[in-house]
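Below, each chain spelled out in residue letters.
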There are 2 protein chains.
Amino acid sequence: MTFPTANEIDAAHERIRPYIHRTPVLTSKQLNLLAGAEIFLKPENLQKVGAFKARGALNAVLSLSPEERKNGIVAHSSGNHAQGVAYACQVAGIPAYIVMPENSPRVKIDAVRGYGAAVSFCENTPQARQKAADQLQHETGAVFVHPYNDYRVIAGQATAAKELIEDLDEDPDFLLCPVGGGGLLSGTALSAHYYAAGTRVIAGEPEGAADAILSFQKGEITNAPFVKTIADGLLTTLGDKTFAVIQEHVTDIVTVTDADIIETMKWIWERLKIVVEPSGVVALAAVIKYKGLFRGKKLGVILTGGNVDLGSLPF
Amino acid sequence: MTFPTANEIDAAHERIRPYIHRTPVLTSKQLNLLAGAEIFLKPENLQKVGAFKARGALNAVLSLSPEERKNGIVAHSSGNHAQGVAYACQVAGIPAYIVMPENSPRVKIDAVRGYGAAVSFCENTPQARQKAADQLQHETGAVFVHPYNDYRVIAGQATAAKELIEDLDEDPDFLLCPVGGGGLLSGTALSAHYYAAGTRVIAGEPEGAADAILSFQKGEITNAPFVKTIADGLLTTLGDKTFAVIQEHVTDIVTVTDADIIETMKWIWERLKIVVEPSGVVALAAVIKYKGLFRGKKLGVILTGGNVDLGSLPF
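What counts as what
- Residues numbered from 1 in each chain as written.
- Chains lettered and ligands numbered in written order.
- Predicted model: local features only at pLDDT ≥ 70, side-chain atom pairs only at ≥ 80, totals over all residues.
- Heavy atoms only, no water.
- Helix = DSSP H or I, 4+ residues; strand = E, 2+ residues; numbered from the N terminus.
- Rg over C-alpha atoms; globule rule 2.2 N^0.38 Å.
- Buried < 20%, exposed > 50% of the residue type's maximum accessible area, 1.4 Å probe, protein only.
- Contact = heavy atoms within 4.5 Å.
- Areas by Shrake-Rupley, 256 points an atom, 1.4 Å probe, with all protein chains shown as cover.
- Lys, Arg positive; Asp, Glu negative; His and termini not counted.
- Charge placed at Lys NZ, Arg CZ, Asp CG, Glu CD.
- Pairing = 2+ DSSP bridges.
- Axes fitted to C-alpha atoms, helices over the stretch in contact; angles between N-to-C directions.
- UniProt positions renumbered as here; feature names shortened; annotations may be inferred.
- Buried area = accessible area lost by both parts, 1.4 Å probe.
- Salt bridge = Lys/Arg side-chain N within 4 Å of Asp/Glu carboxyl O.
- Polar contact = N/O pair within 3.5 Å; in protein donor to acceptor, adjacent residues only side chain to side chain.
- Nonpolar A, V, L, I, M, F, W, Y, C, P; charged D, E, K, R; others polar.
- Least-squares fit on C-alpha atoms with pLDDT ≥ 70 in both.
- Core = buried A, V, L, I, M, F, W, Y, C linked by side-chain atoms within 4.5 Å.
- Domains from an automatic or database assignment.

S.K.: Can you explain the overall build of chain A? Please cite residues and give values.
M.R.: A count of helical and extended segments in chain A gives 14 helices and 9 strands. In terms of C-alpha radius of gyration, chain A reaches 18 Å, essentially the compact-globule figure of 20 Å for 315 residues. Here chain A holds 315 residues, and the buried ones make up 59% of them. A fraction of 72% describes how many contacts in chain A between residues 6 or more apart in sequence connect residues 24 or more apart. Carbon together with sulfur atoms contributes 48% to the accessible area of chain A, which is approximately 12000 Å² in total. Looking at chain A, you have 29 positive and 34 negative side-chain charges, and the mean spots of the two groups are 4 Å apart.

Pasting the structure below:
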């Protein structure tokens, strides 16, 4: 496999730049005190569609030729990838066909429709989702964009870490992000490799969706022993493309509990006054939980999204 | 009475500048569509201590001579003024004695103590607060800083609107902020008067604490007919100094219900991913409620604070 190159990530960044926010770098003395490290947060909850997923979806959609994209895009997702693809298709002026599980929160369905996408529903199993997407693709001739196991998506997600590295005076000792399917993590690892050679990349993963840490330790893609976590954006399993990058360029994966996630989320909301979803704080929760690993270090930490259902908060 | 001059507001801004955030200007296409106007938000929830109150407290404390301030500062407040004074005293390196109602949320008490202030408690009545503050003043020789009816505080609060005016390409048609005791409103009105002569100032007030609108209409300081609102930062009544400025320089005051406040607060959290407290969204709720008044206009709107108790949210 040929991983996305630095040139491809640079090109992705140029391609999507007009349609994304360059999210700022946030710092907090209180957070540094809490963690015993110097932390630079990249708040992708403030990104278009409320999550970094806008980056990968835009790069995937805008990389397609006019001929390829003329029949639109199909995607399946209960969450931020759905909004990312819907937004990217709005930007490109092409149809978006989004398959969502029938129990998706109303606020997420409304948001996807708000970008002009056609939403259809299926049972909430990976098989049902894929089947519905396959059928839509067959009917419409649209192109399927995978949420993470796609080099164009990975190159798009890589631009978050690229921006963070560019905006820091010196390279951080570590870059941290959450891992679900591994799109952001593999992109982050490639950006560290190309743009900040001395920076190590560590992922945070919920204990209740611990497929990535097992896969990483075993050296083969492995399912989570059980799936039960509040971090509903991280339930997916690594793909072959994301796993290969992660094996080569990621230093370690550590796990956090739902209690760690909720505590960190509450801290962020109360102190930084920004809304970050449970999945979005997993890397920061790992920094706080494993502070011994990071004492006195410079850490870049990606807060990945802010799409929460305010009707069912954990506090 | 001699209102703070432009020179005094300029001097206040220079005095406090090293210790405050220059909060950004936020815009949202979706918000503009919702309101039918062009809105420039000033998110003072991202200010030090989580509210604009840091500005007035800093200006009051740092305006005092070393001799005046050597015994410290006394204040009473259940909310953001307490944190503002505690922070200002930490900056100045002097003692802060804060009287808080005994039923204040734990998170606010902890925040005030976090800035090194000595907290004492009293019953939650204006009389009990003032009595406790008077006694502390007597015991310690500290100076009392009123939360709003003080020209140094008003000049400090004026710097929020001053920054917003400076950061816009052209003067807005209207500046809007909430009104409680009137410190921010009178400061905003003075900044509009000095720095954006064509800009009119309108305040939003909760129906359940409608003293300012009645006072404004009657021409004399009047109590609210009843006090019951989720906007717990706006329960106070105008002072003679704030009222005089408001009578001369404010165009109008409009009221919103708690339902308006909660709906706007939810919209802001969900869409802009920032945490704003109920009192903090009152001006924006007024913009949305009275959109007929503002159609097609340029509006500067101050979001005043983000200190919420996540354990008792209204949604």
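S.K.: Any details on the sheet that holds strand β2 (residues 73–76) of chain B? Residues and values, ideally.
M.R.: Picture the strands of a sheet paired through backbone hydrogen bonds; they go either parallel or antiparallel. All names here are of chain B. Read across the sheet, 4 strands follow the order β4-β3-β2-β5 without closing on themselves; strand pairing throughout is parallel. What marks the edges here is a single partner per strand, and that holds for β4 (118–122) and β5 (143–144). Looking at chain direction, strand β3 (residues 96–101) and β4 are connected through 5 bridges and run parallel. Its bridge partner being in β4, Ile 98 is matched across the sheet by Val 119. Contacting β2 and β3, helix α5 (residues 80–92) crosses the sheet at an angle of about 170 degrees to β3.

S.K.: Quick one: what's the story with the UniProt feature "domain: Tryptophan synthase beta chain-like PALP" (unreviewed entry) in chain A, residue by residue and with numbers?
M.R.: Within this structure's numbering, the places UniProt gives as "domain: Tryptophan synthase beta chain-like PALP" (unreviewed entry) are residues 16–305 of chain A. The distance from the first to the last C-alpha atom of residues 16–305 of chain A is 18 Å, and the span holds 47% helix and 16% strand.

S.K.: Any chance you could break down the interface of chain A and chain B for me, citing the residues and the numbers?
M.R.: Taken together, the contact between chain A and chain B spans 16 residues of the former and 16 residues of the latter. For the pairing of chain A and chain B, the buried interface totals around 1500 Å² over both sides, and the portion due to carbon and sulfur atoms is 64%. Three residues stand out in chain A for area buried against chain B, namely Lys 273, Val 275 and Leu 310 of chain A, and they jointly supply 44% of the buried area on that side. Connecting chain A to chain B are 0 salt bridges. Taken together, the links from chain A to chain B amount to 6 residue pairs in polar contact (both at pLDDT 80 or more). For the side of chain A that touches chain B, the class distribution of residues is 9 nonpolar, 4 polar and 3 charged.

S.K.: So what's going on with the sheet that holds strand β6 (residues 174–178) of chain A? Which residues, and what values?
M.R.: Residue and element names in this part refer to chain A. Within the open sheet, the 5 strands sit side by side as β1-β9-β6-β7-β8. Their pairing is parallel. Every other strand in the sheet has two partners, leaving β1 (38–43) and β8 (252–256) as the edge strands with one partner each. On average, each strand axis in the sheet is inclined to that of its neighbour by 25 degrees, with strand direction left out of account. The sheet contact formed by strand β7 (residues 200–206) and β8 spans 5 bridges and is parallel. Residue pairing in the sheet places Gly 204 in a bridge with Val 254 of β8. Sheet strands touched by helix α9 (residues 183–195): β6, β7 and β9 (298–303). Its angle to β6, the strand with the most contacts, is close to 165 degrees.

S.K.: Residue-level account of the relation of the copies chain A and chain B, with values.
M.R.: Each copy of the sequence occupies a distinct position, and chain A is placed on chain B by a rotation of 180 degrees and an axial shift of 0.0 Å, giving an RMSD of 0.0 Å. The transformation just described matches what one would write down for a two-fold rotation axis. Relative to the rotation axis, the closest C-alpha in chain A is found at Ile 274 of chain A, a distance of 2.1 Å. The residues that chain A uses at the interface reappear at the interface of chain B in 100% of cases, marking a shared surface.

S.K.: I'd like to hear about the nonpolar core, residue by residue, with values.
M.R.: Among the nonpolar cores identified, the biggest contains 72 residues, and Ile 39, Trp 269 and Leu 284 of chain A together with Ile 39, Trp 269 and Leu 284 of chain B are the most heavily contacted of them. Once you skip the residues sitting within four places of it in the chain, Leu 284 of chain B turns out to touch Leu 31, Ile 39, Leu 41, Thr 264, Ile 268, Val 301 and Leu 303 of chain B.

S.K.: An account of the domain arrangement of chain A is requested, with residue identities and associated values reported.
M.R.: When the parts come together, some accessible area is lost, and that loss is often what is quoted as the size of the interface. All names here are of chain A. When its domains are assigned, chain A resolves into domain 1 (6–51 + 150–312) and domain 2 (54–144). Distance from the C-alpha centre of domain 1 to the C-alpha centre of domain 2: 24 Å. Contacts between the two partners involve 25 residues from domain 1 and, on the opposite side, 17 residues from domain 2. Counting the surface lost from both domain 1 and domain 2, the interface buries some 1800 Å², and carbon and sulfur atoms represent 57% of this. When residues of domain 1 are sorted by the area they lose upon contact with domain 2, Tyr 19, Val 49 and Arg 152 head the list and together hold 37% of the total. Across the contact surface, domain 1 and domain 2 share 2 salt bridges. Close ionic contact of Glu 163 with Arg 55 constitutes a salt bridge, the shortest N to O distance being 3.0 Å. Inspection of the region where domain 1 meets domain 2 yields 11 residue pairs in polar contact (both at pLDDT 80 or more). At the level of secondary structure, the elements contributing two or more residues to the side of domain 1 that touches domain 2 comprise α1 (6–16) and α8 (151–167). When residues in the side of domain 1 that touches domain 2 are grouped by element, the largest group, 8 residues, is from α8. Looking at the side of domain 1 that touches domain 2, its residues break down into 9 nonpolar, 7 polar and 9 charged.

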